[in-house]
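Analysis of the macromolecular model
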Amino acid sequence: MNETTQSGPRTPALGDADFPGYAMGTAAQAIGVTPAFLRAVETAGLFQSHRSGGGHRRYSQDDLQRADRARHLVDGGVRLDAAVRIVELEYQLAAANAMIDVLSRRLDGPPVRG
């Protein structure tokens, strides 16, 4: 979130997937869970919520997508700890596949000069 551009520090925007723009009640309502569920998946290590100046939890779109995926798994009968691990592995796999795509494009494209 502390990215810098040529014009200076980048101000986070509500549309950014990692911007913590959702308070706990709004976040829980948005994905159809209780605040206790959000606390439980955070405790299980799915993500670390951001905190406001007053110490209140704030959630990003990415946090909510992860929590929603975990909710679907739990609703399907998967234990919470297993659901959290599955979501973590899915995100790791997606990141690895994205890196493979980047590296493949570099191999297929013109040589990069340093």
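Quick note: structure is the one above.
Going through the model one piece at a time under the given rule, you end up with seven salt bridges. One salt bridge in this structure joins Arg-71 and Asp-68, with 2.9 Å as the shortest N-O distance. Here the residue Arg-71 and the residue Asp-68 both occupy positions in helix α3 (residues 61-75), the gap between them amounting to three residues, near one helical turn. Classification of Arg-71 by relative accessible area gives buried; the value is 19%. Between Arg-69 and Glu-90 there is a salt bridge; the shortest N-O distance is 2.8 Å. Of this pair, Arg-69 sits in helix α3 while Glu-90 is found in helix α4 (residues 80-108), placing the two residues 21 residues apart along the sequence. Taking relative accessible area as the criterion, Glu-90 reaches 31% and is therefore assigned partly exposed. The network of salt bridges with common partners includes Asp-68, Arg-71 and Asp-75.

Strands sit in the order β3-β5-β4 across an open sheet of three strands; the sheet is antiparallel. Across the chains shown, the open sheet's two edge strands, defined by having one partner strand only, are β3 (22-23) and β4 (50-51). The pairing of β3 with strand β5 (residues 57-59) spans two bridges and is antiparallel. Within β5, the residue paired with Tyr-22 across the bridge is Tyr-59.

Reading guide: rules and limits
- Residues numbered from 1 in each chain as written.
- Predicted model: local features only at pLDDT ≥ 70, side-chain atom pairs only at ≥ 80, totals over all residues.
- Heavy atoms only, no water.
- Salt bridge = Lys/Arg side-chain N within 4 Å of Asp/Glu carboxyl O.
- Helix = DSSP H or I, 4+ residues; strand = E, 2+ residues; numbered from the N terminus.
- Buried < 20%, exposed > 50% of the residue type's maximum accessible area, 1.4 Å probe, protein only.
- Pairing = 2+ DSSP bridges.

These figures capture arrangement, not role.
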